[in-house]
Amino acid sequence: MIVAEMKSFHEIKEMLEEYKKILVLGCGSCVTVCMSGGQKQAELLATALRMASKAEGSGRAISELTILRQCDPEFVEQIRDEAAKYEVIISMACGAGVQGMSEWLEKIPVVPAMNTRFIGMTDGKGTWLEVCAACGDCVLSMTGGICPVASCPKGILNGPCGGNKKGKCEVSPDVPCAWVRIYERMKKLGKLDVLKQESGAKDWSKAQTPGSYRIKEEQGFSE
């Protein structure tokens, strides 16, 4: 999922300074799962903004709402009339959601409450870890399902750099060496021989921006 975290309250207040009618819009997808921008967080942010407005005597009208996905025009269209009642929307979605809202609502300013961090997964203990760099040229079949691009601070593709100490990265003792993890995973899978194959130069042209993807009516397979 896409992992995002909320900006500081001070930064959010600064973005909203010129507005009197504000809609705090939560997103019911990734940021709900990682508990940073869903319905509950939208309610908390709206409450904090109302309290600040009252304390400052600024007289702002602040409401909150949550839709299932802000990156999908089908769901954005459902709140078009409601959104038109406000001067600004403070979006609690990832960067894609903010841009989708801006694109489809056009005349209503949409500002981000969140900083989008990475594509990741949870460790089951309340922490989300970056696992995919969305590079467009996946090598997971050769690395036991562990991405060296996202998991290795140096993004090394053909084995460890030699700087690891007792299985930890030289960049930080809190970071497991990605290639030690890959070795252990491939050993369990009985595929250590795969690591002897050189993966070659990575095709970074697939990571160029802006990227795009179109749904194919008939999914084909290239050689």
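This text goes with the structure placed above it.
Here the residue numbering is sequential within each chain, running from 1 through the sequence in written order. Since the coordinates come from a predicted model, pLDDT governs what is reported: local features require at least 70, and pairs of side-chain atoms require 80 or more to be given and counted, while whole-chain, interface and lining totals use all residues. Computation of side-chain values covers all heavy atoms of the structure but excludes hydrogens and water.

*Asks:* Explain the sheet that holds strand β6 (residues 114–122) to me, using residue names and the numbers behind them.
*Replies:* At least two DSSP bridges between two strands are needed for those strands to be called paired. Strands are runs of DSSP state E lasting at least two residues, helices are runs of H or I lasting at least four, and both sets are numbered from the N terminus onward. Across the sheet, three strands lie side by side as β1-β6-β7; this open sheet has antiparallel pairing. Looking at the sheet topology across the chains shown, the edges are occupied by β1 (2–6) and β7 (128–132). Each strand of the sheet is rotated relative to its neighbour by a mean of 60°, with strand direction disregarded. Every angle, taken between N-to-C directions, lies between 0 and 180 degrees, and every axis is a line fitted to C-alpha atoms, over only the stretch in contact when it is a helix.

*Asks:* Account for the pattern of salt bridges, with residues named and values stated.
*Replies:* Just to be clear on terms, a salt bridge is a Lys or Arg side-chain nitrogen sitting within 4 Å of an Asp or Glu carboxyl oxygen. This structure, assessed with the given rule, holds ten salt bridges. With a closest N to O distance of 3.2 Å, K7 and E11 form a salt bridge. For each residue, the accessible area found with a 1.4 Å probe, counting protein chains only, is set against the maximum for its type, and the residue is called buried under 20%, exposed over 50%, and partly exposed in between. Note on K7: relative accessible area 13%, which makes it buried. Taking relative accessible area as the criterion, E11 reaches 31% and is therefore assigned partly exposed.

*Asks:* Explain the sheet that holds strand β4 (residues 88–91) residue by residue, including any values.
*Replies:* Spatially, the four strands line up as an open sheet ordered β3-β2-β4-β5, and their pairing is parallel. Both outer strands of the open sheet, β3 (61–67) and β5 (110–112), are each paired with one neighbouring strand and no more. Between one strand axis and the next, the sheet turns through 25° on average, direction left out of account. For β4 and β5, the ladder comprises three bridges, and the chain directions are parallel. Within β5, the position partnered with I90 by the bridge is V111. Note on contacts: a residue pair is in contact if any heavy atoms of the two residues lie within 4.5 Å. Lying over the sheet, helix α3 (residues 39–56) contacts β2 (21–27), β3 and β4, oriented at roughly 175° with respect to β3. Its contacts with the sheet put helix α6 (residues 95–105) on β2, β3, β4 and β5, and the angle it makes with β5 is roughly 175°.

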